[in-house]
Every structure is written in structure tokens, then in C-alpha cells.
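# Architecture at a glance
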Amino acid sequence: MSASHKSEKGRVMSVAEQLAAFVTAQTYADLPPKAVDYAEMLIASTLASAALGSTLESTKIVRELEVERGGKPDATLWFGAAERVPVAAAARVNALMSDAAASDDADLRNIVHSGTTACATALAVAETTGASGEDVLAAIVLGYEIAGHINTAMMGGLQSKGIHGCIVASFAGAVTAARLMKLDPTQMAHSIALTATSVGGLHVAAAGSVVREYHAGLAAMLGVYAAQAAAKGFVPEVNILEMKRGFFETYGNKPDVAGVTRDLGTSWSILTNMGIKLVPGGSPFHATAEAAANAARAGNVAPDEVATITVSICYQYQGPQFPTDLIGIAHSPAYFAAAGVADREYTWAHAFEDKINDPRIRRLLGKVRMGDPPTENVERYKSGATVTIATLDGRTYASTVYAPRGAAILGIDWTDIEGKYRALLPFGKLPEGNVQASLEVIRRFRKADNVSELVSLLRSA
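Below: a short report on this structure. In this text the structure is predicted, and so the values were computed from the model without any measurement. (Residues numbered from 1 in each chain as written. Predicted model: local features only at pLDDT ≥ 70, side-chain atom pairs only at ≥ 80, totals over all residues. Heavy atoms only, no water.)

This part takes up the overall build of the protein chain. A tally of helices and strands in the protein chain yields 21 helices and eight strands. Computed over its C-alpha atoms, the radius of gyration of the protein chain comes to 22 Å, within 12% of the 23 Å expected for a compact globule of 461 residues. Taken over the C-alpha atoms alone, the protein chain extends approximately 75 × 55 × 35 Å along its principal axes. Looking at the 461 residues of the protein chain, the share that counts as buried comes to 59%. Of all intrachain contacts in the protein chain linking residues separated by at least 6 positions in sequence, the fraction that spans at least 24 positions is 76%. For the protein chain, the exposed area adds up to about 17400 Å²; of that, 53% sits on carbon and sulfur atoms. (Helix = DSSP H or I, 4+ residues; strand = E, 2+ residues; numbered from the N terminus. Rg over C-alpha atoms; globule rule 2.2 N^0.38 Å. Buried < 20%, exposed > 50% of the residue type's maximum accessible area, 1.4 Å probe, protein only. Contact = heavy atoms within 4.5 Å. Areas by Shrake-Rupley, 256 points an atom, 1.4 Å probe, with all protein chains shown as cover.)

Grouped together as the largest cluster of nonpolar side chains are 121 residues, with contacts concentrated most on Ile43, Val136, Ile192, Leu241 and Phe247. Core analysis: the second largest hydrophobic core is formed by 35 residues, Val311, Ala339, Ile361 and Val387 among them. (Core = buried A, V, L, I, M, F, W, Y, C linked by side-chain atoms within 4.5 Å.)

Before going further, it helps to examine the pairing of strand β8 (residues 396–401). Here strand β7 (residues 385–391) pairs with β8 via six bridges, running antiparallel. Its bridge partner lying in β8, alanine 390 is registered against threonine 396. The hairpin turn running from β7 into β8, its antiparallel successor, is four residues long, and glycine 394 in that turn takes a positive phi close to 95°. (Pairing = 2+ DSSP bridges.)

What the four strands build is an open sheet, ordered β6-β5-β7-β8; its pairing is mixed. Of all the strands in the sheet, just β6 (368–370) and β8 have a single pairing partner and so form its edges. Taken over all neighbouring pairs, the strand axes of this sheet differ in orientation by 20° on average, direction set aside. Pairing geometry for strand β5 (residues 306–313) and β6, over three bridges, is parallel. (Axes fitted to C-alpha atoms, helices over the stretch in contact; angles between N-to-C directions.)

Further remarks concern the packing of helix α2 (residues 33–53) against helix α19 (residues 414–424). Running from N to C, α2 and α19 cross one another at 20°; their axes reach a closest spacing of 8 Å. With respect to their mutual orientation, α2 and α19 come out roughly parallel. In terms of crossing hand, the pair formed by α2 and α19 is left-handed. For the pair formed by α2 and α19, the contact residues are Asp37, Glu40, Met41, Ala44, Ser45, Leu47, Ala48, Ser49, Ala51 and Leu52 on the first element and Trp414, Ile417, Lys420, Tyr421 and Leu424 on the second. Considering only residue class, the contact of α2 with α19 consists of ten nonpolar, two polar and three charged. (Parallel < 35°, antiparallel > 145°, perpendicular 65-115°, else oblique. Left-handed = near helix turned anticlockwise from the far one by under 90°. Nonpolar A, V, L, I, M, F, W, Y, C, P; charged D, E, K, R; others polar.)

Turning our eyes to something else, we now look at the packing of helix α1 (residues 15–25) against helix α6 (residues 133–152). Packing of α1 against α6 leaves a shortest axis separation of 11 Å and a crossing angle of 155°. By the angle between their directions, the pair α1 and α6 is classed as roughly antiparallel. Once α1 is placed against α6, the crossing between them reads as right-handed. In this structure, α1 uses Leu19, Phe22 and Val23 to contact α6, whose residues at the interface are Leu142, Glu145, Ile146 and Ile150. Residues of the contact of α1 with α6, tallied by class, amount to six nonpolar, no polar and one charged.

In this section: the pairing of β5. Bridge analysis of β5 against β7 gives seven bridges, and the strand direction is antiparallel. Residue threonine 308 lies in a different strand from β7, and its bridge partner there is alanine 390.

The subject of this paragraph is helix α4 (residues 87–100). With 14 residues, α4 should cover 20 Å at 1.5 Å per step; its first-to-last C-alpha distance of 20 Å lies within 8% of that length. Burial runs high along α4: 14 of the 14 residues are buried. Backbone geometry just downstream of α4 places alanine 102 in the positive-phi region, at approximately 55°. (Expected span 1.5 Å × (residues − 1).)

A few words on unusual backbone geometry. One non-glycine residue, aspartate 263, lies in positive phi territory at about 65°. By the element assignment, aspartate 263 lies in the loop between α12 (257–261) and α13 (269–272). The exposure class of aspartate 263 is partly exposed, given its relative accessible area of 44%. Positive phi values are uncommon outside glycine, yet lysine 429 reaches one of about 55°.

Turning to helix α8 (residues 185–196), a few remarks are in order. Helical geometry note: an α-helix holds 3.6 residues per turn, so side chains three or four residues apart project in the same direction. With twelve residues, α8 should cover 16 Å at 1.5 Å per step; its first-to-last C-alpha distance of 17 Å lies within 8% of that length. Counting buried positions over the twelve residues of α8 gives nine, a clear majority of the element. Of all the residues in α8, the buried ones are Met188, Ala189, His190, Ser191, Ile192, Ala193, Leu194, Thr195 and Ala196. Looking at the buried residues of α8, the elements they touch are α1, α6, α7 (166–180), α10 (211–231) and α11 (247–251). Its side-chain oxygen 3.1 Å from the backbone nitrogen of threonine 186, aspartate 184 forms the N-cap of α8. (Polar contact = N/O pair within 3.5 Å; in protein donor to acceptor, adjacent residues only side chain to side chain.)

Per the stated rule, a full pass over the model turns up 22 salt bridges. Its salt-bridge partner being arginine 446, residue glutamate 40 comes within 2.7 Å of it at the nearest N-O pair. Separated by 406 residues along the polypeptide, glutamate 40 in helix α2 and arginine 446 in the loop between α20 (434–443) and α21 (452–456) bring together distant segments of the chain. The exposure class assigned to arginine 446 is partly exposed, which follows from its relative accessible area of 26%. We note a salt bridge from glutamate 418 to arginine 422, for which the minimum N-O separation is 3.6 Å. One end of the pair, glutamate 418, and the other, arginine 422, are both in helix α19, four residues apart, so they sit about a helical turn from each other. Residue classification places glutamate 418 among the buried residues on the basis of a relative accessible area of 19%. (Salt bridge = Lys/Arg side-chain N within 4 Å of Asp/Glu carboxyl O.)

With that settled, the discussion passes to the packing of aromatic side chains. On inspection of all chains with the given rule, the structure shows nine aromatic pairs. Ring geometry for phenylalanine 352 against phenylalanine 427: centres 5.6 Å apart, planes inclined by 15°, an arrangement best described as stacked. Here the residue phenylalanine 352 occupies a position in the loop between α16 (333–343) and α17 (353–356), and phenylalanine 427 occupies one in the loop between α19 and α20, the gap between them amounting to 75 residues. Taking relative accessible area as the criterion, phenylalanine 427 reaches 30% and is therefore assigned partly exposed. A network of ring pairs unites the aromatic residues Phe171, Phe247, Phe248 and Tyr251 as a single cluster. (Phe/Tyr/Trp six-rings, centres within 6.5 Å; stacked < 30°, edge-to-face > 60°.)

What follows is the structure, given as C-alpha cells:
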């Protein structure tokens, strides 16, 4: 145990305390410039996805509930009438909106939407604290980082134990909120520890229903609650992450506890594990659509020439073979593959009814097969896929995509983020000019004195 893992009194620090010490010691200047760039991109991506999500019934229900519940009007609900509600309620509704459209972000190692939680929480809390753009971006980067490190101990455990990824994303909310509230190291550690015993979600409930976004709302709301309780002096079991029958043992799979604090400040999750969705649906299948489109183009294969389409992914998940709505297509490798082959591309248009019911795609759905998982170069697959098309006359064409477009490890371009923003933000029904104006604010967000200019542009016409 190194000296950095001991308190001033020589006591061995818990994992929560070590993480808290790191977070509270970091300054904006300590952060990698590319990480700050990606945090700005995450804000744009989260808002774009939320605009589309605001049209869905699930978000309207929870929004109505929080408005009816009322309370201290400290933070703004995006779009619509821009109602003001308590901070935790705003974080909940805004995160739920973004997740509902299945178009936000994900940790490409598994299904954890930490950016949605961090961004929704950051903008809500910043309204009450008057935080600057730099403050907000630093909080997002650090919230994402701590969730990423905690996720390291979850690998192979969450879904196999039936637990949804929101239980990890909630740490992004707690750390982001605590950072913007300027909590000290002890309070930050208590925020993390309280979060570990706060939220749960069943993976099976999220795979085919709107419970997925309900989980996202809970992750953000309970993350804020944990920070608020810690700020008031609530003292939890600070060893809860690593202790016997604690968080890691309960939810992880033979967790590497030491790995949770390894490389803090040298390897950043937002730069290595994050993927921003540049097309709709579950991130584990974006590469499937890319590989399918590549193979179809390479062989100049027409839909009526296809005998079978075989999909090989590390994440073994069948999903609905014949999806009929956004929830279904978001979790359907068959749809991603069939759409990629039929159209030789996969775009935002594939989230909507016309494409979901396209006869060319529907005819191909039954020809999609899930093959064995990859056995070569497995370490290169970051939500990657190999797709093989076999034609009726015996030809075969295959393509492998190790990581989808929008993966941080490949580099993310603002051109792609702006394309997503302009494609989806109009669903928020903003006044003319507000889409472009809000995008310009985000592009210079690090220079903002506070979040009021951005939030003021998110009221619907």
C-alpha cells in the first residue's frame, strides 16, 4: 500500500476515500484538453438525445409527476415549458429524456450511460451553484472518470447477475454533483459510499421496455440525493465498495478491487472507453450496422440476393428478431444488420416508423443469424462486430468493425456531433434560431460564466 493510500493519521484509506481524494485534488488545468473537448461534445449529444426523448410518453409521464410534486424551483426541465423544479427532479427528468431516445452515450466495455447522468446532473446543479463552464466540464470529466473506474470492477458481473448499468452510472451523477457543490474529500467519499447503496435496476426489465430510461432518471436523481445528504453531514459505511458483501462483491464478477484506483489521472475513461452514439439504438450493435453496410457495399449485394447474414459479437445478446418500435430496434442486432445490408448505411432515419417497417429490411430480418463470438483479436473489440453475408449464388462477403464511429479511441469529430445535434434538437420544438444559437454556446462552453445562457435557449416555442 503506497503512502497515497493512507490518510493523514496513517489509516488505510477506503476505495471511496481514495477516489474522493483524487477528484477533489484535480483542477481544470489538470485535465487533458481532449477530455474537456469530449465533455463539451457530451453536453451536445445529451441535449440532442433529450430533444428526441422529450416526444416520448415515458418522459412526459415522469415530467408531469415531478412538476405536480413541485418543490424548490432551482433547476430547469429542458424543452417544453422549461418548468423549474428541485435540482434532483431536474436531473432525473432530463437524464430520463436523454436515455429514452436510445441515442446518448455508453461505456463501450458494457452498457453504462455515464455521460447522460453526468451531463444532466451537472447542468441542473450548476444552475443552483452558479458554476462556470470550466467548473461544469471538469465535473463531467471527473464524474465520468470515477464511474469508469468503478465499472472496471463490474466487468462480467452486471448483466450476468441481472443488474442494469444504471447502478454504475449513478456514481457519475454523485461525483459530478458533489464536485459542483464543492464538497470536501470526506463529503465526496460519503457521496460515493451513499451512492453504492442507493440505486438498483434489473437488466431484464430494461432490455425490452421503457424501464430503461426510468433507470437513467433514478441514477441521476439518487446521485444528487447522495451528494446532498453528504453535504448535510450524513455518514455512511465508507468501506462499502470493497468490504465483504459490499458493492463490488455483490454486483461484480471476481472484481479487481485494486484496479479501481489504478492509473487514476494517467488513463482517462472519457478518452478510452466512451462512445457517443452517432446513430440510434444500443451501442453494442452500432458496429454491426457498419460492418453489414461495409460487406454489402464490398460485394455490391442487393437485398434480394441475400441468403443469410451472420453476426458475430462479443456481447452475446439475441434481442428481438422482428422489432416493431424504437425500444425493439434499439436492442435488436438483427435490425442493425438487416438495415445495414438493405440501405448500405445506418442513420438517424432508422429510428423511425418508415424505416422500421421498410419491406426490404423486414424481409432480411429473418435471414439474420447470431454466430459464435469472435476468437481472434478479441481485445480489439470495443462493442465491435464481424458480419458475414452469404448470397443465394454462394458468394460470401465479410467485414469487421472493432469499434463504432463515435468511439473515443478512434477520435470523435465535431462535425459528427453537430450533425447529430442538428438532426435531433429540432424535436425539442425550439424557437427559430435556437438550435444554432445553443450549439454555438456549447462550442465555447468552457468560456461561459454560468449555464444560464444555454439553459435559456432550451425552452420550446
